[in-house]
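Architecture and fold: a report
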Amino acid sequence: MQPYTTADFSRNPMMFYYETTQACDLECRHCRASAQKEAAEGELVTEQSLALLKQIASFDRKPHLVLTGGDPLKRKDLFTLIRFAVDQGLEVALTPSATPLATREALAQAKAAGVRAFGFSLDASNAETHDAFRGLEGSFAKTWELLRWARELEVPVQVNTTISRRNVDQIDEMAQELADFGIAMWSLFFLIPVGRGVEEHRISPVEYESVFAKIYAHARKQPYAIKTCEAPHYRRWVLQHGDHPLHVRRNVSDAATVRRPMHRAPLGVGDGKGIMFVSHRGEICPAGFLPIVCGRFPADSVVDIYRNHPVFQAIRSPDQFHGNCGRCEYRYVCGGSRSRAFAVTGDYMASEPDCIYVPNEKAVLVLP
Ligand code: SF4
């Protein structure tokens, strides 16, 4: 696949998250959706969901589609939606919740409908911590059962882990367990205090740096890919400390130029910049964790909103960020989490609250 460019991102998201429903039988402490047992009033009906999928497929570059929730298995028309999305040429991933609805048969049906990957949430290396997170005894065991079924069905798995104060000391153990099991991708999500993702579970900005070091060490040795979610400053950390350290030179204007040789330019993917989200009610937002409603499907077009809405355009303009992020030499590859800035300060253009880096205002990051 051709890498995305900045020009692509101004027209097309790379990842499209459709929250098919808010309904879910779990009561996770950090739930973004503040999910509830039954579907909420106003949930897009089948016809509307199909129309949305058709519109998502009309981007110049079709995004990867993640059908999420709530628990997508609570949607009775889920397999119809999957089949339709696949017929539209979309690559579909599914994130079922670890409840009794997630049977081996349901996963097999999802695969038969065309799902290319599953995402499962695993938040600890032991049942006690994980089940406390998820608000359901037996959830840890169920998640491992799902992982085994996905492996039997030969569907690649992404494990999603929310890093918080409760599990930050279990990263190494989890990394090894996942390596022994054989997953495709580990996605570490850094808590945003929205929904039930309460403030007191956030790790401190200083702790991020040591967590980044751990993640990087595992990324170099584990057999699966690792990515961070809502921690774009991991890219800054890698550029600073990774295998190919930055070279700093002085140019004629006496501005320090930071050059990173031998690597393809990393393009920062973030809320509204490569990512788009539509809620169960059709609310169009830059991300699930950035609940600024920029339009409503079907009245508004997701293509038009992504390309032209002032909020989307602003968060793709790092020079306009406020505070440290706006003057940071890493702002084009990082730019901070717009979701966390909004959740903590109420200003989506504010500086990333969980980054300790002090920008070098004379530095210019030059990427090949
Ligand atoms: S100050 Fe902002 S742009 Fe710079 S590294 Fe930190 S989060 Fe990223």
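Description of the structure in this document. Numbers given to residues run from 1 along each chain, matching the order in which its sequence is written. Predicted model: local features are reported for residues with pLDDT of at least 70 only, side-chain atom pairs are reported and counted for 80 or more only, and whole-chain, interface and lining totals are derived from all residues. Computation of side-chain values covers all heavy atoms of the structure but excludes hydrogens and water.

Nearness here has a simple test: a residue counts as near a molecule or strand if at least one of its heavy atoms is within 4 Å of that partner. The environment of the ligand is made up of Arg-236, Asn-324, Cys-325, Cys-328, Arg-331, Cys-334, Gly-335, Gly-336, Glu-352 and Cys-355. As a working rule, the residues Ala, Val, Leu, Ile, Met, Phe, Trp, Tyr, Cys and Pro are called nonpolar, Asp, Glu, Lys and Arg charged, and the rest polar, with Gly in that last group. Taken together, the residues of the shell around the ligand break down into four nonpolar, three polar and three charged.

This part takes up unusual backbone geometry. Cis geometry is found at the peptide bond from Gly-69 to Gly-70, where omega equals 20°. Look at the link from Phe-297 to Pro-298: it is a cis peptide, with omega at 10°. Structurally, the position occupied by Pro-298 is in the loop between strand S13 (295–296) and helix H10 (302–308). Of note, the phi angle at Glu-154 is positive, near 60°, even though the residue is not glycine. A run of H or I in DSSP counts as a helix once it spans at least four residues, and a run of E counts as a strand once it spans at least two, with each numbered from the N terminus.

Mapped onto the secondary structure, Arg-61 falls in the loop between helix H2 (46–56) and strand S2 (64–68). Residues adjacent in sequence count toward polar contacts only when both atoms are side-chain atoms; beyond that, a polar contact is any pair of N or O atoms within 3.5 Å, and within protein one must be able to donate a hydrogen and the other to accept it. A distance of 3.1 Å separates polar atoms of two side chains, one belonging to Arg-61 and the other to Asp-8. Throughout, a residue-residue contact means that at least one pair of heavy atoms, one from each residue, lies within 4.5 Å. Beyond its immediate sequence surroundings of up to four residues, Arg-61 is in contact with Met-1, Gln-2, Pro-3, Tyr-4, Asp-8, Asn-12 and Pro-13.

Here the aromatic set is Phe, Tyr and Trp, taking the six-membered ring for Trp, and pairing holds for ring centres within 6.5 Å; pairs whose planes are under 30 degrees apart are stacked, those over 60 apart are edge-to-face, and all others are tilted. By the definition in use, this model includes 13 aromatic pairs. Each ring, one from Tyr-208 and one from Phe-212, has its centre 5.8 Å from the other, and the planes form 75°; the classification is edge-to-face. One end of the pair is Tyr-208 and the other is Phe-212, both in helix H8 (residues 205–221) and four residues apart, which spans about a single turn. Each of the two residues, Tyr-208 as well as Phe-212, counts as buried. The classification of residues rests on relative accessible area computed with a 1.4 Å probe and restricted to protein chains. Under 20% of the type maximum is buried, over 50% is exposed, and intermediate values are partly exposed.

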